[in-house]
Amino acid sequence: MEYIDRRNTSSVKWDGLKKEFGEEDLLAMWVADMDFPCPDCVTEALKKYVETPLGYFMPPASYFEAVVQWEREHHGYEIRPEWICVTPGVVPALHWAVRVFSNPGESVMVSTPVYYPFMRAVEHCGERKLVKCALKRTGQAYEMDYERMERDIVAHHVTLYILCNPHNPIGRVWTEEELRRLLALCRKHGVMVISDEIHQDLVNPKLGRNKVTAATLGDYEDMVITMAAASKTFNIAAAQNSFVIIPDEENRKKFRTFMENMSVGQGSAFGYVAAEAALRGGEDWLADVLNVIYGNYEYVRERFAAECPEVKISDLEGTYLMWLDFGAFFRTEEELVEFLQRKCKIAMDYGSWFGGEGYECFARMNLATSRENVKTACDRMISQLRKR
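Residues numbered from 1 in each chain as written. Predicted model: local features only at pLDDT ≥ 70, side-chain atom pairs only at ≥ 80, totals over all residues. Heavy atoms only, no water.

Draft legend 1. The side chain of Asp35, seen in detail. Examined against the element boundaries, Asp35 turns out to sit in the loop between strand 1 (27-28) and helix 3 (40-50). Here the side chain of Asp35 touches Lys13 through a polar contact of 3.3 Å, side chain to side chain. In this structure Asp35 touches Glu2, Tyr3, Ile4, Arg6, Lys13, Trp14, Ala368, Thr369 and Asn373, once residues within four positions along its chain are discounted. (Helix = DSSP H or I, 4+ residues; strand = E, 2+ residues; numbered from the N terminus. Polar contact = N/O pair within 3.5 Å; in protein donor to acceptor, adjacent residues only side chain to side chain. Contact = heavy atoms within 4.5 Å.)

Here it is, written out as C-alpha cells:
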C-alpha cells in the first residue's frame, strides 16, 4: 500500500497540527483517516464524472443499490433502498438524530471512553442531559456495564442511547451476545438506539469472528437506527457521504422532515460517485489495507511488549485506532502532553477527550499510515520512556 505525504494538501491531520496542538513539527497520528490513496476505482469514477457538466445532480438508484448490496453481502443486513437517508457525514447525522429522537428535558446515554462527537452532539443540542456510563475495565479489556446502565437509564430518564460498534477508541467489536443484551435492556426501558457503525468494515482478520450489525439481531426496526459510510472504510471522508438506515417509516419521516426543514440538500455529487465506486470495486483494496493496518498493530504491540511492557495496549479487534495506557509512567495529562508532544514530537488524541474518569494518561494512536511512521513513533516513545 503506497504511503502519501499529505503535508501541504489541506489535510486536517497534517496541516491542522498548529491549530490543534500549537506545534507544526509533529508526527501526525491523531485524526482518523489514512495516509494511503483511495482505491483506483474511486479515482477513475471521479475523473469520469468531472468530465461532464457539473450541473445539478440527481442521486442515482445505483448508489442505493450498491449500499443495499454491501450491507447484505458484508454484514448480513437486508435493507431496502427507501430506508436510506444520505447525510454529509455520521457526525452531523448524530447531531440531527439527537434533536429528532429525543425531547427537551430527556437524557441521552453514551458509554465512555467514546468518540468525543457523541458527547458534543448531546451537549450542543441544549435542553438534553448527557449521561456518561463508563465501560467496565478488566485489565486492558472493556465490557459493557449493564447493571449500571440500567440504573442510570431509570434514574436519569434516558430515552436515547448512542452505540459505537466497533467502539472508538478502545477497539472493541461487540459480540452478538453483548449486543442482544444491550438491545433487550433498551427495549425494556423504551430507549431508542442510534448505532454508529462507520468502522464496520475495519475488523482485525485475526479476530476469528465477524462484526455484528445491531439491527440484525431481532425485531428492532422501530427503535434501532444504523449509521455507516464508505468514507472510513475507503479513506474518502472528503467526499462527505454517509448513509443513515431507518427501517421504521415514522422515524424515517421525522428524520427526513428535519433535514428538509433545514434545507439540507441531497449531498455532494462527488460523494455519491465516490461511495458507489468504492462499494462496487474496492474489496481488494480493503483487504490490502487491513493487512497493513493490523500488521502495524502487531508491530507496535510486539515492540512495547519486548522493550517497554509497562505501556499497556488494548486488543485491537476493530478500527485502526490503538488505545495506549501510559499510566505506569505519568499521573497527569500535562505530563503526557510533555512526553508525546515536546519530547517525542508526536500528535495523538488524548484520553481525556473521550470522556470518563481515569483516562488522563491514555492516548489514541492512528495506525493507518506507513510502517516507517509507526516505527519512528515507537522509536521515539520507547527511547524517551527508557530514560525515565
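Draft legend 2. Representation of the sheet that holds strand 2 (residues 84-87). What the seven strands build is an open sheet, ordered 2-10-9-8-7-3-4; its pairing is mixed. With partners counted over all chains shown, the strands left at the sheet margins are strand 2 and strand 4 (129-134), one partner each. Going from strand to strand, the sheet's axes swing by 25 degrees on average, the running direction of each strand aside. On the sheet, helix 8 (residues 176-188) packs against strand 7 (158-164), strand 8 (192-196) and strand 9 (224-229) and is oriented at approximately 165 degrees with respect to strand 7. (Pairing = 2+ DSSP bridges. Axes fitted to C-alpha atoms, helices over the stretch in contact; angles between N-to-C directions.)

Draft legend 3. A look at the layout of surface pockets. Of the voids in this model, the largest pocket is the one considered here, and its volume is about 1400 Å³. Lining of the largest pocket is provided by 47 residues; of these, Val31, Ala32, Asp33, Ala237 and Ala238 occupy positions nearest its centre. Elements supplying a minimum of two residues to the lining of the largest pocket: helix 5 (90-101), helix 6 (117-123), helix 9 (231-234) and helix 11 (269-281). In terms of residue count, helix 5 provides more of the lining of the largest pocket than any other element does, four residues in total. Classifying every residue of the lining of the largest pocket by side-chain character gives 26 nonpolar, 12 polar and nine charged. In this structure, the second largest pocket spans a volume of roughly 390 Å³. The wall of the second largest pocket is formed by 21 residues, among which His74, His75, Gln200, Asp201 and Asn210 lie closest to the centre. Of all elements in the fold, only helix 4 (61-75) and helix 12 (283-307) reach the threshold of two or more residues within the lining of the second largest pocket. (1 Å grid on protein atoms, 1.4 Å probe; cavity = no way out; pocket = protein on both sides within 12 Å on 5 of 7 lines; lining within 4 Å. Points joined across faces, edges and corners; volume = space filled by probe spheres on them. Nonpolar A, V, L, I, M, F, W, Y, C, P; charged D, E, K, R; others polar.)

Draft legend 4. Spatial organisation of the sheet that holds strand 11 (residues 312-313). Pairing within the open sheet is antiparallel, and its four strands lie in the order 11-12-15-14. Pairing within the sheet leaves two strands with one partner each, and these edge strands are strand 11 and strand 14 (349-350). As paired elements, strand 12 (residues 321-325) and strand 15 (residues 362-366) share five bridges and run antiparallel to each other. Its bridge partner lying in strand 15, Met322 is registered against Met365.

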